[in-house]
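# Close look at the chain arrangement
Spelled out, the chains give:
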Amino acid sequence: MRYSTIFGKTKHEVPHDANSKNAELLTKAGFIDKLSSGIYSLLPLGIRVLQKINTIIREEMNAVGGQEILMPALQPIEIWDQTGRNKTMDEILYRTKAGDKEFVFGPSHEETVTPLAKKQIQSYKDMPLSVYQLQTKFRNEPRAKSGLIRGREFGMKDMYSFHATEEDLDNYYKKVMEAYLNVYSRCGLDAYVLQASGGAFSDKYSHEFSIKTEAGEDTMILCEACKFAQNLEVAEGKYDNPSSDEEEKELTKVEVKRGKTVKDNAKAHNCEDWRILKSVVYMVEEEGPVGVLIRGDFNVNEYKAEKYFQKRVRPATSEELKKYDLVEGFISPVAEDGTPLKSIPFVADHSIAKMKNFVTGANKMSLDWANVNIGRDFEVKDFADFVEVKSGFNCPKCGKQLTEAKAVEAGNIFKLGTKFSKDFDLTFTDSDGKQKLVIMGCYGIGNTRLLATVVEVSNDENGIIWPKSIAPFHVHLIQLGEDEEVSSMAEKLYETMLKKKIEVLFDERNARAGEKFNDADLIGIPLRIVISKRTLEENCVEWKIRNEKEAQKVALDDVITKVEDFIKA
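Read on for an overview of the structure.

### Remarks on the pattern of salt bridges
Summed over the entire model, instances satisfying the criterion amount to 39 salt bridges. Between Lys-137 and Asp-158 there is a salt bridge, with its nearest N and O atoms 2.8 Å apart. Of this pair, Lys-137 sits in strand β7 (residues 129–138) while Asp-158 is found in strand β8 (residues 153–163), placing the two residues 21 residues apart along the sequence. Considered together, Lys-137 and Asp-158 belong to a single accessibility category, that of buried residues. A salt bridge links Arg-509 to Asp-519; its shortest N-O distance comes to 2.9 Å. Here Asp-519 lies in helix α13 (residues 513–523) and Arg-509 lies in the loop between β28 (504–507) and α13, a separation of 10 residues in the sequence. Exposure class is identical for Arg-509 and Asp-519. Each is buried. A cluster of three or more residues bridged by salt bridges with shared partners is formed by Asp-507, Arg-509, Glu-515, Lys-516 and Asp-519.

Laid out in structure tokens, this is it:
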């Protein structure tokens, strides 16, 4: 590849709408071009990187028995009606019509692969079976942003496995987890395996593969000591109960002028935030209001609340609070007369179970209770884990302190169980001649998102720093000056590299050295080799590795051997 003829040149102005490092650098370096929000063209440099990522993915999926197929992106609406996801995923589906027939552009392919597998699976002898594809997906993403990280059209590897037993799925699931870690490692990334949500109304968990970066839109809770990582939605942590050893004090009514927040309450009573008993009222779908009690220094994790109630929840509005005689900022499980409040039921986070002598409102403006104690002054229907874990909690595995980190989710695996098998009546005959539902798993990697994630993690003030495994080329050969001897030697070295199957981008343009060096740093190819009149006078080339500051001299006769060794290392 000669740089003078490449389709997609560098730009040195930051795109005005680039809201992430990958969008900025990939656009400036000529890897992608934006057509519309969340929709990008991949140019030759970008395609070369994506092809290498795809090769790594294919090798790892093939190694665990995956067989590659390619399913249609255009899917008839009937199969989405059959699973109910025509309604539940309505907001992200792109729809179109051909005559009177309606279709969707697939954001995923469970609806397509399950009836396809039904044509192949009759007996337990036909399993385990695993198929995957590399394909473009479409999601009407309301928050398309961050370049290739969150797009409306994007590349994905999605794999689906089919099993006769839960045990067989469990074993395969572990193999795929290792294969995914291999993919990220081979792409130069350090991935954390996070236990994550399997869906708000499911007891099952999925696993996410997250890459720590400030560009991430997810938050992971991380223990650096034992490398245990959790998605914020489901994170668990340990904490102290600072008042658990106190004696219960007498319930005391306190008239007070204060604001409505926990901070206001703690300041008014000259106490710590944890001493405040916080009551958060939610409207539970089809049930009405429920109060969730938690320590004042903690927050309620609404995902956990939905998981607990197995229904949608939302915070109650000011009007709804008034309807149930609840005074905003002074809500409490203890009524104004000191008896348990009866207008709404309460459940509680485990964090208050052993605590003593809380301060809380009295369901009347400017009136609080001090020394409120559970069991004596109020009761709750149930205790559960409602807390949103944050930095400062302790690891549930090793007890060391947890921290929060921004991360990009670069993959997800999930045990589907029999959900889609039921929808499509995907059954098999077991060894006893009985009909059973096939058990399924699914496994996804966004390959274009992975490309962007590498850029987010691996860059400096000058541009991208590609790992050798997925770099568009291994060598960026630069010719400085139009001297005939320089041109002749540069051409000779370029042709030798091609014959040796060395991937090389040859910048033979008649341009200033500074411009060529800036372009090389921006593009981020691992090794830069410069030939100039000065280097030829010393019978050498200038050799510079992209992520090192200093260049060195390498004899012309040694260049090819040293390049081959560099690529293999």
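### As for the packing of aromatic side chains
Applying the stated rule across the entire model yields 14 aromatic pairs. A ring pair is formed by Tyr-239 and Phe-393, whose centres lie 5.7 Å apart and whose planes are at 75 degrees; its orientation type is edge-to-face. Taken together, the positions of Tyr-239 in the loop between β12 (229–231) and β13 (252–255) and Phe-393 in the loop between β20 (383–384) and β21 (403–417) put the pair 154 residues apart, joining distant regions of the chain. Classification of Phe-393 by relative accessible area gives buried; the value is 3%.

### With respect to the sheet that holds strand β4 (residues 74–76)
Taking strand neighbours across the sheet as the criterion, the 3 strands line up as β4-β6-β5 in an open arrangement whose pairing is antiparallel. The two strands at the open ends of the sheet, each matched to only one other strand, are β4 and β5 (94–98). Strand-to-strand twist of the sheet, defined as the mean angle between neighbouring strand axes without regard to direction, takes the value 40 degrees.

### Some details on the sheet that holds strand β14 (residues 277–284)
Strand order in this open sheet of 5 strands is β16-β14-β15-β17-β20, and the pairing throughout is mixed. Strands at the two margins of the open sheet, each flanked by one partner only, are β16 (313–315) and β20. Both β14 and β16 contribute to a ladder of 3 bridges, which runs antiparallel. Bridge pairing in β16 links Tyr-282 to Pro-315. The sheet contacts of helix α8 (residues 302–309) involve β14, β15 (288–295), β16, β17 (346–349) and β20, and relative to β16 the element is tilted by about 135 degrees.

### Concerning the side chain of Thr-114
Looking at the secondary structure, you find Thr-114 in helix α5 (residues 110–118). Owing to a relative accessible area of 0%, Thr-114 belongs among the buried residues under this scheme. A polar atom in the side chain of Thr-114 sits 2.7 Å from the backbone oxygen of Glu-110. With sequence-adjacent residues up to four places away left out, Thr-114 is seen in contact with Phe-420, Ser-421, Phe-424, Leu-426 and Met-440.

### Let's talk about the nonpolar core
Membership of the largest hydrophobic core comes to 56 residues, with the highest contact counts inside it found for Leu-26, Phe-31, Tyr-180, Tyr-184, Tyr-443, Leu-450 and Trp-466. The element that contributes the greatest number of residues to this core is helix α6 (residues 166–186), accounting for 9 residues. Excluding its chain neighbours within four sequence positions, the residues that come into contact with Tyr-180 are Met-61, Lys-157, Phe-209, Gly-411, Asn-412, Ile-413, Tyr-443, Gly-444 and Ile-445. Ala-316, Ile-352, Val-372 and Val-380 belong to the second largest nonpolar core, which has 25 residues in total.

### With respect to the packing of helix α2 (residues 44–63) against α6
Running from N to C, α2 and α6 point in directions that differ by 155 degrees, and their axes come no closer than 9 Å. The angle between the axes of α2 and α6 places the two elements in the roughly antiparallel class. The crossing of α2 and α6 is right-handed. Counting all contacts with α2, which are made through Ile-56, Ile-57, Glu-59, Glu-60 and Met-61, the residues of α6 involved are Ala-179, Tyr-180, Asn-182, Val-183 and Arg-186.

Cut-offs applied
- Residues numbered from 1 in each chain as written.
- Predicted model: local features only at pLDDT ≥ 70, side-chain atom pairs only at ≥ 80, totals over all residues.
- Heavy atoms only, no water.
- Salt bridge = Lys/Arg side-chain N within 4 Å of Asp/Glu carboxyl O.
- Helix = DSSP H or I, 4+ residues; strand = E, 2+ residues; numbered from the N terminus.
- Buried < 20%, exposed > 50% of the residue type's maximum accessible area, 1.4 Å probe, protein only.
- Phe/Tyr/Trp six-rings, centres within 6.5 Å; stacked < 30°, edge-to-face > 60°.
- Pairing = 2+ DSSP bridges.
- Axes fitted to C-alpha atoms, helices over the stretch in contact; angles between N-to-C directions.
- Contact = heavy atoms within 4.5 Å.
- Polar contact = N/O pair within 3.5 Å; in protein donor to acceptor, adjacent residues only side chain to side chain.
- Core = buried A, V, L, I, M, F, W, Y, C linked by side-chain atoms within 4.5 Å.
- Parallel < 35°, antiparallel > 145°, perpendicular 65-115°, else oblique.
- Left-handed = near helix turned anticlockwise from the far one by under 90°.

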